[in-house]
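This is what each chain is made of:
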Amino acid sequence: MERRTIGAGALAVGAVGLGCMPMSWAYSGSRQRGDESLRAVHRALDLGSTLLDTADMYGPFTNELLLGRVLKERRGDAFVSTKAGLLVGEQHIVANGRPGYVKRACDASLRRLQTDVIDLYQLHRADPEVPVEETWGAMAELVHAGKVRALGLCAMGARGGRRSGAGMHDGTLRQLRRVQQVFPVSAVQAELSVWSPEALDALLPWCEARGVGFLAAMPLGNGFLTGTLIPGEGFEPDDVRARHPRFTAEMMAANQPIVAGLRRVAWRHGENVTPAQVALAWTLAQGRHVVPVPGAKHECWVEENAAAAGLRLTAEDLTALAGLPAAQGSWD
Ligand SMILES: NC(=O)c1ccc[n+]([C@@H]2O[C@H](COP(=O)([O-])OP(=O)(O)OC[C@H]3O[C@@H](n4cnc5c(N)ncnc54)[C@H](OP(=O)(O)O)[C@@H]3O)[C@@H](O)[C@H]2O)c1
């Protein structure tokens, strides 16, 4: 697989990574597929999808434990990217950016992941109660202590401050300017996909200008852009899509022209090419610093997604995709 580099340290990873969240969090059935998930992670590494993206809050904790079972045997094949700063409570998820907490969280992640170093340690969300420089300073100390190789920041409120369109990432850009004064940012993680392209406005150019890597989260639109979800079929109550405005039967039907557009481009490249692969190739085409982290817990999806690294979209394809209708249904 093509390799891409992240950040000033030029950390090399496979062009298509693996988002491990669906193995333990957010989607129905997440928690019942341990063995299948393990096979999916091994397959990703076999195929060169080296970047494994997780977080301590996925599960919580069980996603890192699952990865630890693979890393114990194959640490040298993987690039481990995890996150800290969000705590899962009974009813709420709260930010905790206190320096002492972040350092303890890192030690706990290292234990669960069965490794002595994390390749990319990301701040999941800044804590509004703690100046972000203090949290970032503690994370920088983890680099100096050899527990972490590089630091990343996840976009704040990507769907959370619920402002879409121009200016959506203004808060994240302000945070980035502040933390850069303390220690270099190696990667930014934010949603980027054909139906959520807002990061293209300012966030992606900011990263590109500074040699900062960009991890494209939710590049498959939480599965919608693969064309395998059927409007009206519904989601289990424990699936985040059961509450997402873009996943009502009405909005999924209204957004079918986006899937149809991906399918038309896929057909130009052969009958085995899928809308999911076109969606991933679109993210890869947004810059050499972009690494999509499609979430998947099935081996077959991992294989399909890894193969997208070899799909080169033409200028005509990109024009066709740029002309697709904007997604209907805000995240508000
Ligand atoms: N930093 C943040 O705040 C943040 C927020 C959200 C996500 N993320 C990261 O981004 C990653 C990806 O996001 P995501 O998993 O929510 O959304 P996604 O990658 O857009 O979509 C994942 C969904 O698509 C399905 N899928 C994957 N490949 C497929 C294929 N080729 N054909 C058909 N269906 C396919 C998966 O199914 P199965 O699960 O059934 O295999 C899963 O339900 C996460 O794993 C996480 O690492 C980060």
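Above this text you will find the structure in question.
Below is a summary of the structure that appears in this document.

The rules behind these values
Residues numbered from 1 in each chain as written. Predicted model: local features only at pLDDT ≥ 70, side-chain atom pairs only at ≥ 80, totals over all residues. Helix = DSSP H or I, 4+ residues; strand = E, 2+ residues; numbered from the N terminus. Buried ≥ 20, exposed ≤ 12 C-beta atoms within 10 Å, placed from the backbone. Contact = placed C-beta atoms within 7 Å. Pairing = 2+ DSSP bridges. Right-handed = clockwise from strand over helix to strand, strands pointing away. Expected span 1.5 Å × (residues − 1). Bend = angle between axes of the 7 residues up to and from the residue. Axes fitted to C-alpha atoms, helices over the stretch in contact; angles between N-to-C directions. Near = placed C-beta within 6 Å. Nonpolar A, V, L, I, M, F, W, Y, C, P; charged D, E, K, R; others polar. Left-handed = near helix turned anticlockwise from the far one by under 90°. Arc of directions from axis to C-beta.

**Section: the overall build of the protein chain**
Consideration 1: Along its length, the protein chain carries eleven helices and twelve strands.
Consideration 2: With respect to the three principal axes, the spread of C-alpha positions in the protein chain is 50 × 40 × 40 Å.
Consideration 3: Going through the 332 residues of the protein chain one by one, you find that 48% of them count as buried.
Consideration 4: Summarising the internal contacts of the protein chain: among those between residues at least 6 apart in sequence, 79% fall at separations of at least 24.

**A few points about the pairing of strand E5 (residues 79–84)**
Consideration 1: Counting buried positions along E5 gives six out of six residues, so the element sits mostly inside the fold.
Consideration 2: As defined by bridge partners, strand E4 (residues 51–53) adjoins E5 across three bridges and the pair is classed as parallel. Pairing of Asp53 across the sheet is with Ser81, part of E5.
Consideration 3: A crossover connection joins E4 to the parallel E5 through helix H2 (residues 62–74); in handedness this β-α-β unit is right-handed.

**Considerations on H2**
Consideration 1: A rise of 1.5 Å per residue sets the reference length of H2, with its 13 residues, at 18 Å; its end C-alpha atoms lie 19 Å apart and thus fit the reference within 8%.
Consideration 2: Gly68 marks where H2 bends most, by close to 25°.
Consideration 3: Its buried side turned inward, H2 meets helix H1 (34–47), E4, E5 and helix H3 (99–113).

**Thoughts on the sheet that holds E5**
Consideration 1: Here we have eight strands laid out as an open sheet, ordered E3-E4-E5-E8-E9-E10-E11-E12, and parallel in their pairing. Each having just a single partner strand, strand E3 (18–19) and strand E12 (290–292) make up the two edges of the open sheet.
Consideration 2: Of the strand pairs in this sheet, E3 and E4 are connected by two bridges, and their pairing is parallel. Directly across from Gly19, in E4, lies its bridge partner Asp53.
Consideration 3: H3 rests against E5, strand E8 (118–123) and strand E9 (148–154) of the sheet, and its axis sits at about 140° to E5.

**Looking at the site of the ligand**
Consideration 1: The local shell around the ligand holds 28 residues, among which Gly19, Met21, Leu220, Gly223 and Gly295 are the closest.
Consideration 2: Per-element accounting of the shell around the ligand gives the leading share, three residues, to helix H10 (residues 299–307).
Consideration 3: Tallied by class, the residues present in the shell around the ligand amount to 15 nonpolar, ten polar and three charged.

**Considering the packing of H3 against helix H4 (residues 132–144)**
Consideration 1: Orientation of H3 relative to H4, taken along the N-to-C sense of each, is 35°, at an axis distance of 8 Å. When you trace H3 past H4, the crossing you get is right-handed. Contacts from Pro99, Val102, Lys103 and Cys106 in H3 reach Glu134, Thr135, Gly137, Ala138, Met139 and Leu142 in H4.
Consideration 2: A class-by-class count of the residues in the contact of H3 with H4 yields six nonpolar, two polar and two charged.

**Some thoughts on H3**
Consideration 1: If you check H3, its first and last C-alpha atoms are 21 Å apart, about what 15 residues at 1.5 Å a residue would give, namely 21 Å.
Consideration 2: For H3, the set of buried residues is Val102, Ala105, Cys106, Ser109, Leu110, Arg112 and Leu113. Down the axis of H3, the buried set is contained in an arc of 165°. They therefore lie on one face. When the buried face of H3 is taken as reference, the exposed residues oriented beyond 90 degrees from it are Gly100, Arg104, Asp107 and Arg111.
Consideration 3: Where the residues of H3 are buried, they touch H2, E5, E8, H4 and E9.

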